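Chain by chain, the residues run as shown.
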Amino acid sequence: MLEAIAGYGLGGSTVALFGRVGGGIYTKAADVGADLVGKYEQGLDEDSPNNPATIADNVGDNVGDIAGMGADLFGSFAESTCAALVVSGTSIEITTSGGALFFPLMISASGILVSFVTTFFATNYMKIDIPSDVQRTIKYQLIISTVLATPVIYLVAIVGLPEVFEIGNGSNVRIVKDYYCFICTIAGLWSGLTIGYVTEYYTSYEHTPVQELSALCSIGVSHNIVAGIALGFLSTMIPVICIALTIYISHWLAGMYGIALGALGMLSTMCIALTIDGYGPISDNAGGIAEMSGIGEDVRKNTDELDAAGNTTAAIGKGFAIGSAALVSLALFGAFVTRAQVSIVDLLSPLELCGLFVGAMLPYAFSALTMKSVGIAANKMVEEIRDQFAQMRRGNLRCTCRPD
């Protein structure tokens, strides 16, 4: 059964890889083509119906940010669940006590119920009178889902797990209590909330970092780029500290099983995270539809304000995805060492040290290949858009007809 569970997690990762990378390449290629040719070369407005890349740009938002993010979080969700199930299989008390083996699935199910209740609060009790209220409502959803999930997870841990059980192999056997698992899970849950709020702080115009960065635009492009990169690097500090604390606390209390539960805790409110992330592309597409259908400027102004809030919400969703991926990767490693009965990993050994350096290099190589793929796809998109503009122009200085 453990091999079948591992295959399920691998399948989720494969879907996430193609959905996230493939969707991301398409959406960025369409975005580059629409802006470079339509806006800068032809002088058209944003989402102009005369721009052949407008539809591709709007579809790309759905492919990259909706399908891609959904596949990404599903992959993390499947992997963390599989890792927790594999590690829990080493405990005799868990495997022989009925439903205790399905405690990771209980966390997921309780998170779905909490998300339903949170959505009810958002749609029935939180009123939005002006566009700026959208961001406040979204932040409240994060808080409400986290607060509601905390007692629910405690109840699930007390009812679903043995009061005391042993878990692990060989010399790594640990004596774990039921409330230890609760602490591990909420450590990941509240770390996710913290990561969401830190992401919102560094990406929202209501706060100082973005305001300072926008002020640098009046000085020059180079200052803005350098300060933006520095701001992005600085924003990783608190999330990494949160993830490190979650790993330390979880491993101290329940070993590798605790780390897997911490990842599940962060993903327990995944429904709300996906809802928050999906708001950005929805508002962006709404602006595109308003522009292409010729609706008044007041509608376009409102959609632009909603789109600005949507950019921040999309960043919050990406923060959840990255934070959970870090915990899931360690949980999968824990499942491997538990299954293979590896007790010690010596980082001073030449082979392990070389593997560490190679592994640290792979994200940069993968990112470089992905960016080159975006450039190749964007060139194809630019060529197609220029061809359509040439066909539409027919001797006129500006395009007055509709593209294909």
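In what follows, the accompanying structure is described. Predicted model, so just to flag it, every value in this text is computed and none were measured. Within any chain, residue numbers begin from 1 and follow the written order of that chain's sequence. Only residues with pLDDT of at least 70 get local features here, since the model is predicted, and only at 80 or more are side-chain atom pairs given and counted; chain-wide, interface and lining totals rely on the full set of residues. Only hydrogens and water are set aside; all other atoms, that is, all heavy atoms of the structure, feed into the side-chain values.

## Quick look at the packing of aromatic side chains
Move 1: Here a pair means two rings of Phe, Tyr or Trp (six-membered ring of Trp) with centres within 6.5 Å. Their orientation is stacked below 30 degrees between planes, edge-to-face above 60, and tilted elsewhere. All told, the structure shown has five aromatic pairs when counted by the stated rule.
Move 2: On the basis of an interplanar angle of 85° and a centroid distance of 6.2 Å, the ring pair of Tyr8 and Phe74 is categorised as edge-to-face. Residue Tyr8 is located in helix H1 (residues 2-41), and its partner Phe74 is located in helix H2 (residues 54-88); the two are separated by 66 residues in the primary sequence.
Move 3: Note on classification: 1.4 Å probe, protein chains only; a residue is buried when its accessible area is under 20% of the maximum for its type, exposed when over 50%, partly exposed between these limits. Relative accessible area serves as the criterion here: at 49%, Tyr8 is assigned to the partly exposed category.
Move 4: Measuring from ring centre to ring centre gives 6.5 Å for Phe120 and Phe121, while their planes differ by 75°; the resulting arrangement is edge-to-face. Put simply, DSSP H or I for four residues or longer makes a helix, DSSP E for two residues or longer makes a strand, and each gets a number counted from the N terminus.

## Brief notes about the packing of helix H6 (residues 178-203) against helix H11 (residues 297-340)
Move 1: The geometry of H6 relative to H11 is characterised by a closest axis approach of 8 Å and an angle of 140° between their N-to-C directions. The orientation of H6 relative to H11 falls into the category oblique. For the crossing formed where H6 meets H11, the hand is right-handed. Together, Gly192, Leu193, Ile195, Gly196, Thr199, Glu200 and Thr203 of H6 and Thr312, Ala315, Ile316, Gly319, Phe320 and Gly323 of H11 make up the contact between the two elements.
Move 2: Note that Gly is not counted as nonpolar here; it falls among the polar residues with everything else outside the nonpolar set of Ala, Val, Leu, Ile, Met, Phe, Trp, Tyr, Cys and Pro and the charged set of Asp, Glu, Lys and Arg. Across the contact of H6 with H11, the residue classes break down as five nonpolar, seven polar and one charged. Lines are fitted to the C-alpha atoms to define the axes, a helix being fitted only along its stretch in contact, and any angle between axes, read from their N-to-C directions, falls within 0 to 180 degrees. Every angle not falling under 35 degrees, over 145, or within 65 to 115 is termed oblique; those three ranges are roughly parallel, roughly antiparallel and roughly perpendicular. Crossing handedness is defined as follows: a turn of the near helix away from the far one that is anticlockwise and smaller than a right angle gives a left-handed crossing, while the clockwise case is right-handed. Any two residues whose heavy atoms approach within 4.5 Å are treated as being in contact.

## Observations concerning the nonpolar core
Move 1: As used here, the term nonpolar core means buried Ala, Val, Leu, Ile, Met, Phe, Trp, Tyr and Cys residues forming a set that is joined through side-chain atoms within 4.5 Å. Counting 59 residues, the largest nonpolar core has Phe103, Cys181, Tyr257 and Leu261 as the members making the most contacts within it.
Move 2: For this core, the secondary-structure elements that each account for two or more residues are H2, helix H4 (103-124), helix H5 (133-160), strand S1 (164-167), H6, helix H9 (237-267), helix H10 (270-292) and H11.
Move 3: With residues near it in sequence (within four places) discarded, Leu261 still touches Phe103, Ile107, Cys181, Cys184 and Thr185.
Move 4: Core analysis: the next-biggest nonpolar cluster, separate from the first, contains eleven residues, Ala34, Leu44, Ala53 and Met392 among them.

## Re the packing of H10 against H11
Packed helices, taken two at a time, are described by their axes: the angle between them and the distance between them.
Move 1: At their nearest, the axes of H10 and H11 sit 7 Å apart, and the two run at 150° to each other. On the basis of the axis angle, H10 is roughly antiparallel to H11. Here the hand of the crossing between H10 and H11 comes out left-handed.
Move 2: When the residues that make up the contact of H10 with H11 are grouped by side-chain class, the tally is eleven nonpolar, eight polar and six charged.

Keep in mind these numbers describe shape, not what the thing actually does.
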